[in-house]
Amino acid sequence: MQIGIVKEGPEEARVAATPATVATLRRLGYDVVVEAGAGERSSAPDAEYREAGAAIVPAAEAWASDVVLKIAAPTAAEIDALADGATLVALLSPALRPDLLEALAQRGITALALDAVPRISRAQSMDVLSSMANIAGYRAVVEAAHEFGRFFTGQVTAAGKVPPAKVLVAGAGVAGLAAIGAASSLGAIVRATDPRPEVADQVSSIGGTYLAVDVEVEKSTDGYAKATSEDYDRRAAEIYTEQAADVDIIITTALIPGRPAPRLITAADVARMRPGSVIVDMAAAQGGNVEGSVAGERVVTDNGVVILGYTDLASRLSAQASQLYGTNVANLVALLTPGKDGVLTIDVDDIVQRSVTVVHDGAVTWPPPPVQVAAAPAAAAPAVVEAQPQPERKRMSAGRRIGLIVLGIAALFAVNAVAPAPLPQHFTVLVLSVVIGFYVIGKVHHALHTPLMSVTNAISGVIVVGAMLQIMNPDPVVQVLAAIAVLVASINIFGGFAVTRRMLAMFTKGGEK
């Protein structure tokens, strides 16, 4: 079968496959053709596609392929250019565009929506939404920094003190976490909100502060955000109002699949922000989280707040975005080509393939059956279990314990009496080490056994001392071996202490010791 990589419209700088992923597709047995100039805006010239084994063809030939890889949803003219019975792989927004699905079904097309990949572990390598959200979140901070016109990090200079910027990120999903990490890396004070309290640790781990909304919320069962309750929305609105008056930059990322974006920041909140503040509404394409944002445009309010509603944030890092997008697509194609024979087959019994297949052989198959990826365990009825008598643990009597100790000491002296030197000395050290080690380790909590073992790397100090003594040997070979022994044993010692220190840090909280 032939796979065609087509050129995107003027508003999209990404390309659905890079030269590297073209090579992967060819190894799966496919013939690959690329529309001339498809990768120019992603720093992927036609020459590199040729080197990867693809043929550069006119647009009509690429669109006539058995499988067409694309990013943006096709227009009516592009649907007409598809071959009968072809397979289209793109971002189709099936929940929001039933008209597009009907148009594809009327042509007998099989359509795979990359934005319908279920969020389960097995499908992570094909999750285009996460890949693009990661890039978009990072780029949102870059755009905000460009508009802000001041340092993100605080500085003390001869000309005065510069305070750090304060950033609020609404939503701690993939895009939100990327934005938090980028802003924190630039030195800003970052705060974040999210209806899922379990993300608090993730936020703090990358330098942010989680603003909790102490209201019970419905837990997600499919990996995507859920609509929040009225109580949550009321308390969250209060937090946004408080933060708007304090922060310099707000980045909103809240989206609910299949629904318009929830309104988080009101016009009154925007009016409370200081002149020169910046808001990046990453949900502008679906209605926006910010009142006054316009999809694809930069808006300046009467009080001097800049609202960015850019919908092409991932496309603004076209080379990186194309690389990740192309890898996700190649992984999906690999799943659909189990025989690596260049024949794309769809197994509707496979949960991933069924989820992404929104039109199959001219029939609309959206929505797919629900995918359960996380569920709270059902409360089981308390079972009445009769207590079983536990066998009494027999404890060693004091007399028997003393008898064994006396027997061990006698055995030690007996061995020392008949063994030639220097075996008695070594045997005595071994026995004493076993006794001391037993009592030492027996008093240590099991959770600390691993760091304890790391500390025992210090025993390598014996090797270091011995090797240093051997360095004085006149034999050059012995000197070289001794030097190597000193180096390797030193690495073992210092590495052991470094590992121990990091592991012990896991048992401290904040500044407590």
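Provided above is the structure to which this section pertains.
Residues numbered from 1 in each chain as written. Predicted model: local features only at pLDDT ≥ 70, side-chain atom pairs only at ≥ 80, totals over all residues. Heavy atoms only, no water.

Chemist: Explain the pattern of salt bridges residue by residue, including any values.
Modeler: Tallied over the entire structure, the rule returns 17 salt bridges. A salt bridge links Asp246 to Lys166, with the nearest nitrogen and oxygen atoms 3.1 Å apart. Within this pair, whereas Asp246 is found in the loop between α9 (230-244) and β12 (249-252), its partner Lys166 is found in strand β9 (residues 166-170), the two being separated by 80 residues in sequence. Classification of Lys166 by relative accessible area gives partly exposed; the value is 24%. Notably, a salt bridge pairs Glu238 with Arg235, separated by 2.9 Å at the nearest N-O pair. Here Glu238 pairs with Arg235, and both are found in helix α9, just 3 residues apart, close to one helical turn. Classification of Glu238 as partly exposed rests on a relative accessible area of 39%. When salt bridges with common partners are traced through the structure, they connect Arg139, Glu143, Asp312 and Arg316 into a single cluster. (Salt bridge = Lys/Arg side-chain N within 4 Å of Asp/Glu carboxyl O. Helix = DSSP H or I, 4+ residues; strand = E, 2+ residues; numbered from the N terminus. Buried < 20%, exposed > 50% of the residue type's maximum accessible area, 1.4 Å probe, protein only.)

Chemist: Quick one: what's the story with the sheet that holds strand β17 (residues 363-364), residue by residue and with numbers?
Modeler: With mixed pairing, the 8 strands of this open sheet are ordered in space as β3-β2-β1-β4-β5-β6-β16-β17. A single partner strand is all that each edge strand has here, and the edge strands are β3 (55-57) and β17. Here 2 bridges tie strand β6 (residues 110-113) to strand β16 (residues 357-360), and the two strands are oriented antiparallel to one another. Bridge pairing links Leu112 to Thr357 in β16. (Pairing = 2+ DSSP bridges.)

Chemist: Requested: an account of the pairing of β9, with residues and values cited.
Modeler: With respect to burial, β9 is a largely interior element, 4 of its 5 residues being buried. Bridge count for β9 against strand β10 (residues 189-193) is 5 bridges, and the pairing is parallel. Its bridge partner being in β10, Lys166 is matched across the sheet by Ile189. Inspection of the sheet shows β9 paired to β12 by 4 bridges, in the parallel sense. Bridged to Ala170 within β12 is Thr252.

Chemist: Tell me about the sheet that holds strand β11 (residues 208-210), residues and numbers included.
Modeler: Paired through backbone hydrogen bonds, the strands of a sheet run either parallel or antiparallel to each other. Within the open sheet, the 7 strands sit side by side as β11-β10-β9-β12-β13-β15-β14. Their pairing is mixed. Across the chains shown, the open sheet's two edge strands, defined by having one partner strand only, are β11 and β14 (298-300). Ignoring which end each strand starts from, the neighbouring axes of this sheet average 20° apart. In this structure, β14 lies alongside strand β15 (residues 306-308), joined through 3 bridges in antiparallel fashion. What sits directly across from Val299, in β15, is Ile307. Across the face of the sheet, helix α6 (residues 128-148) comes into contact with β12, β13 (278-281), β14 and β15 while running at roughly 155° to β13. (Axes fitted to C-alpha atoms, helices over the stretch in contact; angles between N-to-C directions. Contact = heavy atoms within 4.5 Å.)

Chemist: Quick rundown of the nonpolar core? Include the residues and the values.
Modeler: Ranked by internal contacts, the top residues of the largest apolar core, which has 42 residues, are Ile3, Ile5, Leu69, Leu114 and Tyr325. Secondary-structure elements contributing two or more residues to this core are β1 (2-5), α1 (19-27), β2 (31-35), β4 (67-69), α6, α11 (318-335) and α12 (351-356). In terms of residue count, the dominant contributor to this core is α11 (6 residues). Val169, Tyr210, Ile251 and Met282 belong to the second-largest nonpolar core, a separate cluster that totals 32 residues. (Core = buried A, V, L, I, M, F, W, Y, C linked by side-chain atoms within 4.5 Å.)

Chemist: Which residues make up the packing of α6 against α11, and what values go with them?
Modeler: The interhelical angle for the contact between α6 and α11, taken along N-to-C directions, is 170°, at an axis separation of 9 Å. Between α6 and α11, the crossing angle belongs to the class labelled roughly antiparallel. For the element pair α6 and α11, the recorded crossing hand is right-handed. Of α11, the residues touching α6 (which contributes Val128, Ser131, Met132 and Ile135) are Gln320, Ala321, Leu324, Tyr325 and Asn328. (Parallel < 35°, antiparallel > 145°, perpendicular 65-115°, else oblique. Left-handed = near helix turned anticlockwise from the far one by under 90°.)

Chemist: Break down a nonpolar patch on the surface for me, with residues and values.
Modeler: A contiguous nonpolar surface patch, about 690 Å² in accessible area, is contributed by Val477, Val480, Leu481, Ile484, Leu487, Val488 and Ile491. Mapped onto the elements, Leu481 comes out in helix α17 (residues 476-505). (Patch = residues over 30% accessible without salt bridge, like charges linked within 9 Å, V, L, I, M, F, W, Y side chains within 5 Å. Areas by Shrake-Rupley, 256 points an atom, 1.4 Å probe, with all protein chains shown as cover.)

Chemist: I'd like a description of α11, backed by residues and values.
Modeler: Along its 18 residues, α11 runs 25 Å from first to last C-alpha, staying within 8% of the 26 Å computed at 1.5 Å per residue. Listed as buried for α11 are Ser318, Ala321, Ser322, Tyr325, Gly326, Asn328, Val329, Ala330, Leu332 and Val333. Its buried side turned inward, α11 meets β1, α1, β4, β5 (87-90), α6 and α12. (Expected span 1.5 Å × (residues − 1).)

Chemist: How would you sum up the side chain of Glu35? Please name residues and give values.
Modeler: In this structure, Glu35 sits in strand β2. Only 2.8 Å separates the side chain of Glu35 from the backbone nitrogen of Lys7, close enough to count as a polar contact. Filtering out sequence-adjacent residues up to four positions away, Glu35 remains in contact with Ile5, Val6, Lys7, Asp46, Val57, Pro58, Ala59, Ala62 and Trp63. (Polar contact = N/O pair within 3.5 Å; in protein donor to acceptor, adjacent residues only side chain to side chain.)

Chemist: Lay out the packing of aromatic side chains in plain terms, naming residues and giving numbers.
Modeler: As enumerated under the stated definition, the model contains 1 aromatic pair in all. A centroid spacing of 6.2 Å and a plane angle of 80° characterise the contact between Phe148 and Phe152, whose relative ring orientation is edge-to-face. Across this residue pair, the class does not change: Phe148 and Phe152 are buried. Lying over the aromatic face of Tyr310, Arg316 brings its terminal NZ or CZ to 3.9 Å of the ring centre. (Phe/Tyr/Trp six-rings, centres within 6.5 Å; stacked < 30°, edge-to-face > 60°. Lys NZ or Arg CZ within 6 Å of the ring centre and 35° of its normal.)

Chemist: Pulling in residues and values, what's your account of unusual backbone geometry?
Modeler: Glycine aside, residues mostly have negative phi, and peptide bonds are mostly found in the trans state. With an omega of 0°, the peptide bond between Trp366 and Pro367 qualifies as cis. Of note, Pro367 is situated in the loop between β17 and α13 (398-418). Here the phi dihedral of Lys340 falls at roughly 50°; this positive angle occurs in a residue that is not glycine.

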